[in-house]
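Structural overview for review
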Amino acid sequence: MAGECRANPPKSGYPSFALMPPSFFDADFRYVETLGPDERTLVEDLKRIPLNDCLMFSTGGQFWLRFMNENNSRLTEAHNDYTLSRVRAFGDVNYSDRVRLFGEFIWADSFGKTCPRPRST
């Protein structure tokens, strides 16, 4: 609520800053098990999902979209507008907190570049 001072920052499995350079392998969402179903956010509902008595599944990721507007692009007089995008997704399966199968995927691309490529010499 607005105007209330918290004793501690809100719990999160991610670092307390926007960038996540290390792998999602290091994200720790064990605190989600202590929350009731009504206390969880949409992101927390995707973490530590019990599949049976021994298996637990987690998923998540990031999506970034950035519009670029460059004047005198690449040391030329060209004007260049384009979009950068990046998707990072992960899946994590734990067997009794003893065996872990983790996979992470990253995809990045740029769209709409108008600046010509430099000539090779």
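The rules behind these values
Residues numbered from 1 in each chain as written. Predicted model: local features only at pLDDT ≥ 70, side-chain atom pairs only at ≥ 80, totals over all residues. Heavy atoms only, no water. Pairing = 2+ DSSP bridges. Helix = DSSP H or I, 4+ residues; strand = E, 2+ residues; numbered from the N terminus. Phe/Tyr/Trp six-rings, centres within 6.5 Å; stacked < 30°, edge-to-face > 60°. Buried < 20%, exposed > 50% of the residue type's maximum accessible area, 1.4 Å probe, protein only. Contact = heavy atoms within 4.5 Å. Polar contact = N/O pair within 3.5 Å; in protein donor to acceptor, adjacent residues only side chain to side chain.

Consecutive side chains of a regular strand alternate in pointing toward one face of the sheet and then the other. Taken together, the 13 bridges between strand β3 (residues 80-95) and strand β4 (residues 99-111) define a ladder with antiparallel strand orientation. For Tyr95, the partnering residue across the bridge sits in β4 and is Val99.

Let's shift gears to the packing of aromatic side chains. Across all of its chains, the model carries 5 aromatic pairs by this definition. Here the aromatic rings of Phe25 and Phe102 are separated by 5.4 Å at their centres, their planes lie at 85 degrees, and the arrangement is edge-to-face. Note that Phe25 is positioned in the segment before α1 (42-45) and Phe102 in strand β4, a separation of 77 residues in sequence. Exposure remark for Phe25: the relative accessible area of 41% places this residue in the partly exposed category. For Phe102, a relative accessible area of 23% gives the class partly exposed.

Read from one edge of the open sheet, 4 strands run β1-β2-β3-β4, paired in antiparallel fashion. Each of the sheet's edge strands pairs with one partner strand only, and the pair in question is β1 (49-50) and β4.

Moving on, we come to the pairing of strand β2 (residues 55-70). Bridging between β1 and β2 involves 2 bridges; their strand directions are antiparallel. Looking at the pairing, Ile49 lines up with Phe57 of β2. Taking the residues between adjacent antiparallel strands as the criterion, β1 and β2 are bridged by 4 residues. Here β2 runs beside β3; their pairing, made up of 16 bridges, is antiparallel. Within β3, the position partnered with Met56 by the bridge is Asn94.

Our next topic: the environment of Arg40. Mapped onto the fold, Arg40 is located in the segment before α1. Overall, the relative accessible area of 25% leaves Arg40 in the partly exposed class. If we skip the residues at most four places from it in the chain, Arg40 touches Val32, Glu33, Leu35 and Asp45. Within polar-contact distance, the side chain of Arg40 engages the backbone oxygen of Val32 at 3.2 Å.

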